[in-house]
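# Fold and geometry: a report
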Amino acid sequence: MALPFFYKEDINIASAEVALDEETSKHVTRVLRMQNGEQLQLTDGKGNLFTAEIIDDNKTKCYLKILSAIFQPPSSSKVTIAVSLVKNAHRFEWFLEKAAEIGVNEIVPLLCSRTEKQHFRFDRKKSILISAMLQSQQAWLPLLHEPVKFSVLVKQKSHDQKFIAHCEKDEPRIQLNTYRPFSSSIILIGPEGDFTIDEIELALQNNFVPVALGNTRLRTETAGVVAVTVLSLT
C-alpha cells in the first residue's frame, strides 16, 4: 500500500527533521489518525521525494524524521502552456487540475483582447495544482505565473518551439500532433471567441507556428488539456 503523500514547499535536504504546517499536521494526525512511528512521503515540488517517519504527532505542528531522499529528474522536454482566462473560473480550475496531472511544466494565464476580465486568486489556483500533483504522485509542481498580457508574452524568446492554436479557417494550420517536441515548447490557447486576427498576426511575426488541435472546435479549457497531452506524450 502506498504511503500517504504530502507537500511542503521548503525542505532543507541537509536537515534530519521536518516540521509540517498546521493544516497538514491536522490532516495527518486528525483525519488520517497517524501516530508516532508511522511513515509518509513528502515532496517539495522540485523533484525531491522524501520518506519520513512521524516522531512527534502534535496536532498543530507534527515533526518528522527524514529516512531517505531521492531526486526525480524532470522530463527531457519542457512544456509551457499560455491559456486565456475564461468567464467561468471553475472551468479554468478544472484545466489546471488536469494539466498538472498530465505533467505540464509551466502555466501562464493569458490576457487577450477577448478575455473576460476576472479576479485571479493566485493562492487558490496554486493549491489546486498542489492537490493535483499529490493525487497523481508526482514530485514536480507546475510553475504558475501571474496573468500576462498577450502582447507581452508573444515577444518573449525563451522557448525553442512556439505554437499558437487558433480556429481561423482562412489561416493555414497544421495539426499539432505532427510535430516532434523540442527540448522546450510553448503553446498559446485563446479565449472564448478565439484570438483576434491582429493577435494571430502578432504571434506569427514573433515566430509562432499556427496549429490545429483536431477537427472540432474546442472550449478553451478542453483545448488546453489536448495541447498539454499532445506535447507531453508525443
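Going along each chain's sequence as written, the residues are numbered from 1 onward. In keeping with the predicted nature of the model, local features appear solely for residues at pLDDT of at least 70, side-chain atom pairs appear and are counted solely at 80 or more, and the whole-chain, interface and lining totals rest on all residues. Computation of side-chain values: all heavy atoms of the structure, hydrogens and water removed.

## Some remarks on the overall build of the protein
Comment: elements are numbered from the N terminus, with helices defined as DSSP H or I runs of at least four residues and strands as E runs of at least two. When its secondary structure is counted, the protein shows six helices and 13 strands. Relative to its full complement of 234 residues, the protein shows a buried share of 44%. Surface exposure here means Shrake-Rupley accessible area, sampled with a 1.4 Å probe, where a residue is shielded only by the protein chains that are shown. Element-wise, carbon and sulfur atoms account for 49% of the exposed surface of the protein, whose accessible area totals about 12,300 Å². In this tally Asp and Glu are treated as negative and Lys and Arg as positive; neither His nor the chain ends contributes. Every charge is mapped onto a representative atom, which is NZ of Lys, CZ of Arg, CG of Asp or CD of Glu. Computed over 27 positive and 28 negative side-chain charges, the inter-centroid distance for the protein is 2 Å. Using a 1.4 Å probe on the protein chains alone, a residue whose accessible area is under 20% of its type maximum counts as buried, one over 50% counts as exposed, and one in between counts as partly exposed.

## Concerning the pairing of strand 3 (residues 39–43)
A regular strand carries its side chains on alternate faces of the sheet. Of all five residues making up strand 3, four are buried, and the element is well covered by its neighbours. In this sheet, strand 3 lies alongside strand 1 (residues 5–7) in parallel orientation, the contact comprising three bridges. Across the sheet, residue Phe5 finds its bridge partner in strand 3, namely Gln41. With five bridges connecting them, strand 3 and strand 4 (residues 48–56) associate as antiparallel partners. Among the inter-strand pairings, Gln41 is bridged to a residue of strand 4, identified as Thr51. Two strands are said to pair when DSSP picks up at least two bridges between them. The turn linking strand 3 back onto strand 4 is made up of four residues, and Gly45 within it adopts a positive phi angle of 75 degrees.

## Section: the confidence of the model for the protein
In this model, the protein carries a mean pLDDT of 93, and residues with pLDDT of at least 70 account for 99%. On a scale of 0 to 100, pLDDT captures the predictor's confidence in every residue. Between the elements of the protein, mean pLDDT differs from a low of 90, seen in strand 11 (residues 174–175), to a high of 98, seen in strand 8 (residues 143–144).

## Considering the packing of helix 2 (residues 89–102) against helix 3 (residues 122–135)
To obtain each axis, a line is fitted to C-alpha atoms, and for helices this fit is confined to the stretch in contact; angles are then taken between N-to-C directions over 0 to 180 degrees. Look at helix 2 against helix 3: their axes get within 8 Å of each other, and the N-to-C directions meet at 35 degrees. For the pair helix 2 and helix 3, the sense of crossing is right-handed. The segment helix 2 lies against helix 3, with His90, Phe92, Glu93, Leu96, Glu97, Ala100 and Glu101 engaging Arg124, Lys125, Ile128, Leu129, Ala132 and Gln135. Among the residues forming the contact of helix 2 with helix 3, the class breakdown is six nonpolar, two polar and five charged. The crossing is said to be left-handed when, going from far helix to near helix, the turn is anticlockwise and less than a right angle, and right-handed when the turn is clockwise. Contacts between residues were defined by any pair of non-hydrogen atoms, one from each residue, lying within 4.5 Å. Following the grouping adopted for this structure description, the nonpolar residues are Ala, Val, Leu, Ile, Met, Phe, Trp, Tyr, Cys and Pro, the charged ones are Asp, Glu, Lys and Arg, and the polar ones are all others, Gly among them.

## Some points on the environment of Leu49
Here Leu49 is to be found in strand 4. By relative accessible area, Leu49 is classed as buried at 11%. Residues Leu49 and Phe71 lie 22 residues apart in sequence; the distance between their C-alpha atoms is 6.2 Å. Sequence-distant contacts of Leu49, defined by excluding residues within four places in its chain, comprise Phe5, Gln41, Leu42, Thr43, Ser68, Ala69, Ile70 and Gln72.

## Considerations on the side chain of Thr220
Its location among the elements puts Thr220 in helix 6 (residues 220–233). By the criterion applied in these results, polar contacts are pairs of N or O atoms within 3.5 Å in which, for protein atoms, one can donate a hydrogen and the other can accept it, and in which residues neighboring in sequence qualify only through two side-chain atoms. Among the polar contacts listed, one links the side chain of Thr220 to the backbone oxygen of Gly190, at a separation of 2.9 Å. In contact with Thr220, not counting residues within four places along its chain, are Val83, Ser84, Val86, Ile189, Gly190, Pro191 and Glu192.

## Description of the pattern of salt bridges
In the sections that follow, a salt bridge refers to a side-chain nitrogen of Lys or Arg positioned within 4 Å of a carboxyl oxygen of Asp or Glu. Across all of its chains, the model carries eight salt bridges by this definition. Salt-bridge contacts for Arg124 lead to Glu93; the nearest nitrogen and oxygen are separated by 2.7 Å. On the criterion of sequence distance, the pair formed by Arg124 in helix 3 and Glu93 in helix 2 is long-range, its members being 31 residues apart. Residue Lys98 is joined to Glu97 by a salt bridge in which the shortest nitrogen-to-oxygen separation is 3.0 Å. The class of Lys98 is partly exposed, set by a relative accessible area of 23%. Taken together, the salt bridges that share partners define one network made up of Glu93, Arg124 and Lys125.

## Quick notes on the sheet that holds strand 5 (residues 63–71)
Strands sit in the order 1-3-4-5-2 across an open sheet of five strands; the sheet is mixed. In this open sheet, the two edge strands, each paired with only one partner strand, are strand 1 and strand 2 (17–19). The mean inter-strand angle of the sheet, taken between neighbouring strand axes irrespective of direction, is 40 degrees. In this sheet, strand 5 lies alongside strand 2 in antiparallel orientation, the contact comprising three bridges. Of the residues in strand 5, the one forming a bridge with Glu17 is Lys65.

## Observations regarding the packing of aromatic side chains
Stacked, edge-to-face and tilted labels apply to pairs of Phe, Tyr and Trp rings (six-membered ring for Trp) whose centres lie within 6.5 Å, assigned for plane angles under 30 degrees, over 60, and everything in between, in that order. All chains considered together, the criterion is met by six aromatic pairs. On the numbers, 5.4 Å between centres and 50 degrees between planes, the contact of Phe150 with Phe195 is tilted. Of this pair, Phe150 sits in helix 4 (residues 150–153) while Phe195 sits in the loop between strand 12 (184–189) and helix 5 (197–205); the two residues are 45 residues apart in sequence, bridging distant segments of the chain. Relative accessible area serves as the criterion here: at 3%, Phe150 is assigned to the buried category. Taken together, the aromatic side chains of Phe92, Phe95, Phe120 and Phe122 make up a single cluster linked through ring pairs. The rule for a charge over a ring is simple: NZ of Lys or CZ of Arg within 6 Å of the ring centre, and within 35 degrees of the ring normal. The lysine or arginine in question, Lys125, covers the ring of Phe120, its NZ or CZ lying 5.6 Å from the ring centre.

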